[in-house]
Amino acid sequence: MWFVLLGVLLVVLKLADIGPPATWSWWWIIAPFGLATLWWAFSDKIGLTKRREMEKMAAKKAARRKASMVSLGMDERGRRHSRDK
């Protein structure tokens, strides 16, 4: 993501003729997009992207289960709370 943001910033600076990127070659301006592509391919290859997605799904599932148990008046182990009212 950082490579994409850097690439967008460099393109904006190049098109607006602001600062040093205005004089740089277009190859230097678009290089971060190529690096982003390489990073995404590498992270997919080693399973980093899928692992992060699975961790997020597991956290959502645990939070949803805990909220359901609380709304049913049960603790995490499935026991009902006694009502003293």
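Above this text is the structure in question.
Basis of the calculations
- Residues numbered from 1 in each chain as written.
- Predicted model: local features only at pLDDT ≥ 70, side-chain atom pairs only at ≥ 80, totals over all residues.
- Heavy atoms only, no water.
- Patch = residues over 30% accessible without salt bridge, like charges linked within 9 Å, V, L, I, M, F, W, Y side chains within 5 Å.
- Areas by Shrake-Rupley, 256 points an atom, 1.4 Å probe, with all protein chains shown as cover.
- Salt bridge = Lys/Arg side-chain N within 4 Å of Asp/Glu carboxyl O.
- Lys, Arg positive; Asp, Glu negative; His and termini not counted.
- Charge placed at Lys NZ, Arg CZ, Asp CG, Glu CD.
- Helix = DSSP H or I, 4+ residues; strand = E, 2+ residues; numbered from the N terminus.
- Buried < 20%, exposed > 50% of the residue type's maximum accessible area, 1.4 Å probe, protein only.
- Axes fitted to C-alpha atoms, helices over the stretch in contact; angles between N-to-C directions.
- Parallel < 35°, antiparallel > 145°, perpendicular 65-115°, else oblique.
- Contact = heavy atoms within 4.5 Å.
- Nonpolar A, V, L, I, M, F, W, Y, C, P; charged D, E, K, R; others polar.

Peer 1: Would you mind showing me how to read a positive patch on the surface here?
Peer 2: Together, R51, R52, K56, K60, K61 and R64 make up a positively charged patch on the protein surface. Inspection of the secondary structure assignment puts K61 in helix α3 (residues 48–71). K61 sits in the exposed class, given a relative accessible area of 57%.

Peer 1: I would appreciate a short explanation of unusual backbone geometry in the present structure.
Peer 2: Residues apart from glycine generally show negative phi values, whereas peptide bonds are mostly found in trans. Positive phi outside glycine occurs at D17, with the angle close to 55 degrees. Within the element layout of this structure, D17 appears in the loop between α1 (2–15) and α2 (26–46).

Peer 1: Would you mind going over the packing of α2 against α3 with me for this structure?
Peer 2: When two helices pack together, their arrangement is given by the angle between the helix axes and the distance between those axes. Where α2 contacts α3, the two axes come as close as 5 Å, and the packing angle between them is 70 degrees. For the element pair α2 / α3, the angle class is roughly perpendicular. For the pair α2 and α3, the contacting residues are W39, S43, D44 and I46 in the first and L48, T49 and R51 in the second. Residue classes in the contact of α2 with α3 are distributed as three nonpolar, two polar and two charged.

Peer 1: Is there a simple way to think about the side chain of S43 in this case?
Peer 2: With respect to the helices and strands, S43 occurs in helix α2. Sequence-distant contacts of S43, defined by excluding residues within four places in its chain, comprise L48 and T49.

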